[in-house]
Structures are given as structure tokens and as C-alpha cells.
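Each chain, letter by letter, is given below.
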Amino acid sequence: MDIFIQQIINGLVLGSIYALVALGYTMVYGILGLINFAHGEVVMIGALTALTAIGLLVPSGLPGPLVVLGGLLIAIPVCMAVGFSIERIAYRPLRNAPRLAPLITAIGVSIVLQQLAMIGWGRNYHTFPAILPTTPHQVLGAAITDLQILIVVTAAVLMSALLWLITRTRLGRAMRATAENPAVARLMGVNVDRVIAYTFVLGSALAAVAGVMVAANYSIAHYAMGFMLGLKAFTAAVLGGIGNVGGAMLGGLLLGVIESLGAGYIGDLTGGFLGSHYQDVFAFFVLILVLVFRPSGLMGEKVAERA
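Residue numbers here run from 1 along each chain, matching the order of that chain's written sequence. Residue-level local features of this predicted model are given only where pLDDT is at least 70; pairs of side-chain atoms are given and counted only at 80 or more, and the full residue set underlies all totals for whole chains, interfaces and linings. Hydrogens and water molecules were not included; the side-chain quantities draw on all heavy atoms of the structure.

Examining helix H2 (residues 39-57)
Residue pairs spaced three or four apart in an α-helix point in one direction, given the helix's 3.6 residues per turn. To keep things clear, this is the line we draw: Segments assigned H or I by DSSP are reported as helices when at least four residues long, segments assigned E as strands when at least two residues long, and all are numbered from the N terminus. What a helix is expected to span follows from its residue count: subtract one and scale by 1.5 Å. Only protein chains enter the calculation, and the probe is 1.4 Å; a residue is then buried if its accessible area is under 20% of its type maximum, exposed if over 50%, and partly exposed in between.
Helix length check: H2 (19 residues) gives 27 Å between terminal C-alpha atoms against 27 Å at 1.5 Å per residue, within 8%. Counting buried residues along H2, 15 of its 19 residues qualify, which places the element largely inside the surrounding structure.

Some thoughts on unusual backbone geometry
One non-glycine residue, serine 219, adopts positive backbone phi at about 70°. Turning to its location among the elements, serine 219 is positioned in the loop between helix H8 (192-218) and strand S4 (220-221). On the accessibility criterion, serine 219 (33% relative accessible area) is partly exposed.

A short note on the packing of helix H6 (residues 170-180) against H8
Inclusion rule: Only C-alpha atoms enter the line fits that serve as axes; for helices the fit covers just the stretch in contact. Angles between N-to-C directions range over 0 to 180 degrees. By definition in this entry, angles of less than 35 degrees are roughly parallel, angles greater than 145 are roughly antiparallel, angles of 65 to 115 are roughly perpendicular, and the rest are oblique. Whether two residues touch is decided by their heavy atoms; if any such pair falls within 4.5 Å, the residues are in contact.
At a minimum axis distance of 10 Å, the contact between H6 and H8 shows a crossing angle of 110°. If you check the angle between H6 and H8, you find them roughly perpendicular. Seen from H6, the contacting residues are Leu171, Ala174, Met175 and Thr178; seen from H8, they are Val192, Val195, Tyr198, Thr199 and Leu202.

Considerations on the packing of aromatic side chains
Heads up, the rule is: Aromatic rings from Phe, Tyr and Trp, taking only the six-membered ring of Trp, are treated as a pair when their centres fall within 6.5 Å; an angle between ring planes under 30 degrees marks them as stacked, one over 60 as edge-to-face, and anything in between as tilted.
Counted by the stated rule, this structure contains three aromatic pairs. Look at tyrosine 91 and phenylalanine 200: their rings are 5.7 Å apart centre to centre, the planes differ by 40°, and that puts the pair in the tilted class. On the criterion of sequence distance, the pair formed by tyrosine 91 in helix H3 (residues 64-91) and phenylalanine 200 in helix H8 is long-range, its members being 109 residues apart. The exposure class assigned to phenylalanine 200 is buried, which follows from its relative accessible area of 4%. Through successive ring pairs, a cluster of aromatic residues spans Tyr25, Phe37 and Phe234.

Some thoughts on the pairing of strand S3 (residues 142-145)
Heads up, the rule is: Note: two strands are recorded as paired if DSSP finds a minimum of 2 bridges between them.
Here strand S2 (residues 136-139) pairs with S3 via four bridges, running antiparallel. Bridged to histidine 137 within S3 is isoleucine 144. Between S2 and S3, which follow one another and run antiparallel, lie two residues, and leucine 140 among them has a positive phi close to 55°.

Structure, rendered in C-alpha cells:
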């Protein structure tokens, strides 16, 4: 039971990160019908930018949490600028192009960002400094650190704030109107181009926070870290219902728990044949099952095509 509870805690921490990244995928898809495969690289840029800033701030003698906060405050605008540039340069000119063109462009942008990061930060792994408290707290026999608590709480606050923004603000109404019908929204006075740009910027800001969370949780960052993380977050968005904000949150948490439980018990289930490093298998196994049995996701709605 102790191991089970520990894996649930680890899964909720991991799922909180997946949920933040999945929100970027699902918001863009909900408005443009586009899978932004470059979103994982935005997470990577956020992590590496924050680590660079943290490395410069550590000698100042500031408390660890303030140093991390400073790195985060630098990473967020950088990622927002990257997200805005991606939309403006790569996707906006292809707004009315066949669906295949933006998809190929998204993959190309992902590769370009990854290579630029490799040039700028190198191929080596970058270590997150040990400046945050890691004292474990016992919960029903399992251990949870202050950092893990901070990750879960921060993710919950950000997701709640995003839901409030979408449901209670003028920008949120414009986003929902654009997602429903961009042509009609434009006729009603909504600046569709601006709304789409805001969507990319918001998703990129969440990606920056997720990048710092990943770097802090695993203590490392790398120029290629965004690829697999992005694929898993996309899987979480599909699991919850791509285009559904609440579904992305639910899908991220569920995928994190499934992956963590799989990593903890895969050895027992296979008689020791497979180890915990095969945990990535579970994410894509879930993706296959969802696409086969419920393509619309857990909270997605089936939409009939009109003649």
C-alpha cells in the first residue's frame, strides 16, 4: 500500500506538469484545429532559459525560492515571445492553406527550435542547482517533498485561473466565439488574429512554468527534452478530449497517474522482464486505446459534419 500511495503522489506531480503543457495543445487546436507540435520545444526553451537565469542569480545570495522565481519571471516573457513569433511567422501565413501544410510546418518549427537550442545551450545536460527545500513529509507511509507540493499547488492555481479567464472575461468570450466560428466572430467585432495570438501567448506562458517544473523535479534540462514531453502532453490532451480545456487537465492528471503506476508495477506484471524505464510505453498504449475506442476523448463531444 505504501508503494501504491507513493506512485499516486508521483503520478499527480507528473500529471500536473502534463496538464499544463496539454493546455497549450488543446487551446490552439480548439481555435485553429491545428496540432502545434512545436509546443514541446517551447517548454524546453522555458526550462533552459530559467536555468540560465538561475545560474546568474545564485551568486547573489538570494533565498532559493526567490532565485527560482526570478528565473521563472525571465523565462515566461521569453516563451511568450517565442509562441507569438511561431504563430505570426509560421502559422498565420498558412491560415487558409490545406491542413497538411500547417502540420508539416509545425514539425519543421519543432526541429528548428530544437537545433537552435542545441547551438545556444550545447548538447550537455544542464543541472538544476540544489537551492529548493527537499525535506520529505510522510503521508500514509509515502513521502512527498515541498517541491512536489509546490508543483501540484501551482499547477492547480494556474489551471483554475485559466478556467476563470476563459469563462469569465471578455478575452475568454472572444476565444470561445472564435473557437465556435471564426467567420461569425469576426462579423461580431472580434479581432480573430489578436485572439489567436493571445492563445499562443497564454499557452507559451504555461509552457514556461511547466518547463521550470520539469527542470526542478528532475534536476536536469536538455535541448531535446521537449520532444517526448510534448508527445505525452499531446496524448493527455487527446485522452481528455482535444479542444476541451477541462479535458486537457483531466487527461494530464490521469496520464501521469497511469504512467507512474505502470513504472512502479511493470516489473511485477512482466516477471522482471521489463523495467521502469519502459514507462513511456504506457502513454502511447493509452493513446492507441483512446483513438480506437473513444476518438473524441473522455470529455470530448462527437461533432457531426454538416453537408
